[in-house]
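Spelled out from the first residue to the last, the chains are:
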Number of protein chains: 2
Amino acid sequence: MPSRLKLIVAYDGRPFSGWQSQPNGNGIQDYLENAFERICSERIRVHGAGRTDAGVHAIAQCAHADLPARRYAAERWLSALNGVLPQEIRVMRTRFVPDSFHARFSAKGKTYRYRIWNGEVLPPLENGRAWHIRDPLDCALMATAANSFLGRHNFHSFAANRGAPAADTIRTICRVRFQKSGSRLVIEFEGDGFLYKMVRMMVGTLAQIALGKASPREIQSRLRPAGEHLFHARSVAPAAGLFLIRVRY
Amino acid sequence: MPSRLKLIVAYDGRPFSGWQSQPNGNGIQDYLENAFERICSERIRVHGAGRTDAGVHAIAQCAHADLPARRYAAERWLSALNGVLPQEIRVMRTRFVPDSFHARFSAKGKTYRYRIWNGEVLPPLENGRAWHIRDPLDCALMATAANSFLGRHNFHSFAANRGAPAADTIRTICRVRFQKSGSRLVIEFEGDGFLYKMVRMMVGTLAQIALGKASPREIQSRLRPAGEHLFHARSVAPAAGLFLIRVRY
């Protein structure tokens, strides 16, 4: 009887080509599947809650894998996996779950954090972990604009085109948190799901607004049903500032 | 007329052999002096407030350099230096100061931060930025013990031997801050000065106490005038958790 193991995975996104398995083997999924293979001498598929792009970090990505048999306790899988994974990928927690649990299909929501450094010089310890914006941002305006993403909307124009039909682009953002501490800005979005590059396009637009290059009305206009709004140039915030911090089940 | 430039320097300590100039050229001081040479075609000595060891980070190390002439405004020096420095070293601020200012001899105090991750697995984004301690720490005991460093003491037995006479090992710690947030512990020490490896030996001893391997009385006993205390095995916390966060003038 196969046993389903749930994994909470953290990674520094920098050295990898994103979550998804890649032909070059540099996806985080590849490293996890290789780790299972080294332990079990068997290829095991790892299912993630969602993909993260190259350079995007995770504090708590979620995944599951069906193990051939319940050979080890969940804690032993944790240490065995960490023993063979590169140190930029760590399995933070493991536990056995019922077969009805699916990392992707059971997910009820996700929280993403985006970090911006708004100052002349990016401190070296922020390299690869924040978007460096030198020009002054209107943070009050940015915070207000961020709140206009709250609610159920058609995010079609905040998604990179992967050919998804417009009907699949309805998402609900239930929480927006904006924090400023000196030069450091942190924006968090919690929602039932996020489209491809959606958070980076939302933050890109917020930055345009905070730089005075776009109107705060830009967001409402782009959230109207597809076809009604004008085409606007899209701004995508860099991957380095993005962190998947929680998957809710 | 030479002009004295004060620099606030931040660095990720990992790739470097510490602050001090090295025969292999891998000291942070070497990179700064090379940067000045590339800009001025002249060798300029950079004086730091103090040395940091290999792997130790700085949020705000302080330094000064005597420039051949006030050719550029301070802000231009900032961007010129950052233009040639490796991205792991950044000059955060620059300003011209009177010749009476000396980065080392004018310093009135320093603040160091030490970070510990107390949990089963070290998150990848903490690599090289924290001391990973798996076994549970008694944090209440650790916080109390940390406060026993407060005041004016002979720190002789909390210094790596560099042949300094005992008379030079009196230091005053004026502030200790202990913070715990989940698995993350942060201890800050502010003092009029710190001996070689002093913070790392203080934190090493605190960890021994919090692990139940040493008595909290260990600290008071070791702070007694040299000769009166017994010799104890010394524990030095790793460089990776240490950050120089401020130099006070």
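Residues numbered from 1 in each chain as written. Chains lettered and ligands numbered in written order. Predicted model: local features only at pLDDT ≥ 70, side-chain atom pairs only at ≥ 80, totals over all residues. Heavy atoms only, no water.

(A) Structural detail: the pattern of salt bridges. Residues and elements named next belong to chain A. Following the criterion strictly, the structure yields 28 salt bridges over all chains and no others. Across the pair R184 and E126 runs a salt bridge whose closest N-O atoms are separated by 2.9 Å. Taken together, the residues R184 in strand β9 (residues 184–191) and E126 in the loop between β5 (109–118) and β6 (131–133) connect sequence positions 58 residues apart. Salt bridges linked by common partners bring R113, R175, R177, E188, E190 and R248 together as one network. (Salt bridge = Lys/Arg side-chain N within 4 Å of Asp/Glu carboxyl O. Helix = DSSP H or I, 4+ residues; strand = E, 2+ residues; numbered from the N terminus.)

(B) View of the packing of aromatic side chains. Scanning the entire structure with this criterion turns up 22 aromatic pairs over all chains. Between the aromatic rings of F149(B) and F158(B), the centroid separation amounts to 5.2 Å while the plane-to-plane angle is 80°, which identifies the pairing as edge-to-face. Residue classification places F158(B) among the buried residues on the basis of a relative accessible area of 0%. A network of ring pairs unites the aromatic residues F149(A), F155(A), F158(A) and F189(A) as a single cluster. (Phe/Tyr/Trp six-rings, centres within 6.5 Å; stacked < 30°, edge-to-face > 60°. Buried < 20%, exposed > 50% of the residue type's maximum accessible area, 1.4 Å probe, protein only.)

(C) View of the domain arrangement of chain A. All names here are of chain A. Structurally, chain A comprises domain 1 (3–97) and domain 2 (109–248). A separation of 28 Å is found between the C-alpha centroids of domain 1 and domain 2. Listed per partner, the contact involves 15 residues of domain 1 and 17 residues of domain 2. Note on domain 1 versus domain 2: buried area summed over both sides is about 1,200 Å², and carbon and sulfur give 53% of it. Across the domain 1-domain 2 interface, the total number found is one salt bridge. (Domains from an automatic or database assignment. Contact = heavy atoms within 4.5 Å. Buried area = accessible area lost by both parts, 1.4 Å probe.)

(D) A look at the interface of chain A and chain B. The interface of chain A with chain B comprises 22 residues on the first partner and 22 residues on the second. In total, about 1,700 Å² of surface goes out of reach between chain A and chain B, with carbon and sulfur atoms giving 69% of it. Where chain A meets chain B, there are zero salt bridges. Of all the secondary-structure elements, those providing two or more residues to the side of chain A that touches chain B are β1 (3–11), β3 (57–67), α2 (74–84) and β4 (89–97) of chain A. Sorting elements by how many residues they give to the side of chain A that touches chain B places β4(A) first, with four residues. Per-class residue counts for the side of chain A that touches chain B are 13 nonpolar, four polar and five charged. (Nonpolar A, V, L, I, M, F, W, Y, C, P; charged D, E, K, R; others polar.)

(E) Representation of the pairing of strand β4 (residues 89–97) of chain B. All names here are of chain B. Most of β4 is tucked away, with seven of its nine residues classed as buried. One ladder, built from eight bridges, connects strand β1 (residues 3–11) with β4; its direction is antiparallel. Bridging from a neighbouring strand, L5 pairs with F96 of β4. (Pairing = 2+ DSSP bridges.)

(F) How the structure looks around the nonpolar core. Counting 75 residues, the largest nonpolar core has L7(B), F36(B), I116(B), F149(B), F155(B), F189(B) and L206(B) as the members making the most contacts within it. Considering every element that reaches this core, the biggest residue donor is helix α4 (residues 198–210) of chain B, with nine residues. Residues lining this core come from more than one domain, with at least three contributed by each of domain 1 (3–97) and domain 2 (109–248) of chain B. The contacts of F149(B), once residues within four sequence positions are left out, are F155(B), F158(B), I173(B), F189(B), M202(B), L206(B), I219(B) and L223(B). The next biggest cluster of nonpolar side chains, apart from the first, holds 74 residues, and it includes A10(A), A58(A), C62(A) and I133(A). (Core = buried A, V, L, I, M, F, W, Y, C linked by side-chain atoms within 4.5 Å.)

(G) Spotlight on the environment of I59(B). Secondary-structure assignment places I59(B) in strand β3 (residues 57–67). In this structure the C-alpha to C-alpha distance between I59(B) and R71(B), which are 12 residues apart in sequence, comes to 28 Å. Leaving out residues up to four positions away in the same chain, I59(B) has contacts with L125(A), V9(B), A10(B), F243(B), L244(B) and I245(B).

(H) The arrangement of the packing of helix α1 (residues 28–40) of chain A against α2(A) in detail. All names here are of chain A. Running from N to C, α1 and α2 point in directions that differ by 110°, and their axes come no closer than 9 Å. Considering the angle they form, α1 stands roughly perpendicular to α2. Here the hand of the crossing between α1 and α2 comes out right-handed. Here A35, F36, R38, I39 and C40 of α1 come into contact with α2, specifically with W77, A80, L81 and V84. Looking at the contact of α1 with α2 residue by residue, the classes come out as eight nonpolar, no polar and one charged. (Axes fitted to C-alpha atoms, helices over the stretch in contact; angles between N-to-C directions. Parallel < 35°, antiparallel > 145°, perpendicular 65-115°, else oblique. Left-handed = near helix turned anticlockwise from the far one by under 90°.)

(I) Highlighting the pairing of strand β10 (residues 242–248) of chain B. Residue and element names in this part refer to chain B. With respect to burial, β10 is a largely interior element, five of its seven residues being buried. Judged from the two bridges that link them, β3 and β10 form a sheet pairing that is parallel. By the bridge assignment, H57 is partnered in β10 with F243. Taken together, the six bridges between strand β5 (residues 109–118) and β10 define a ladder with antiparallel strand orientation. In the sheet register, R113 faces β10, and the bridge partner there is F243.

(J) Expanded view of the relation of the copies chain A and chain B. Least-squares fitting of chain A to chain B yields an RMSD of 0.0 Å, with the transformation described by 0.0 Å of translation along the axis and a rotation of 180°. Taken together, these values place the two copies in the relation of a two-fold axis. For chain A, the residue whose C-alpha comes nearest the rotation axis is L125(A), separated from it by 5.3 Å. A share of 100% of interface residues in chain A that are also interface residues in chain B marks the association as one of identical surfaces. (Least-squares fit on C-alpha atoms with pLDDT ≥ 70 in both.)

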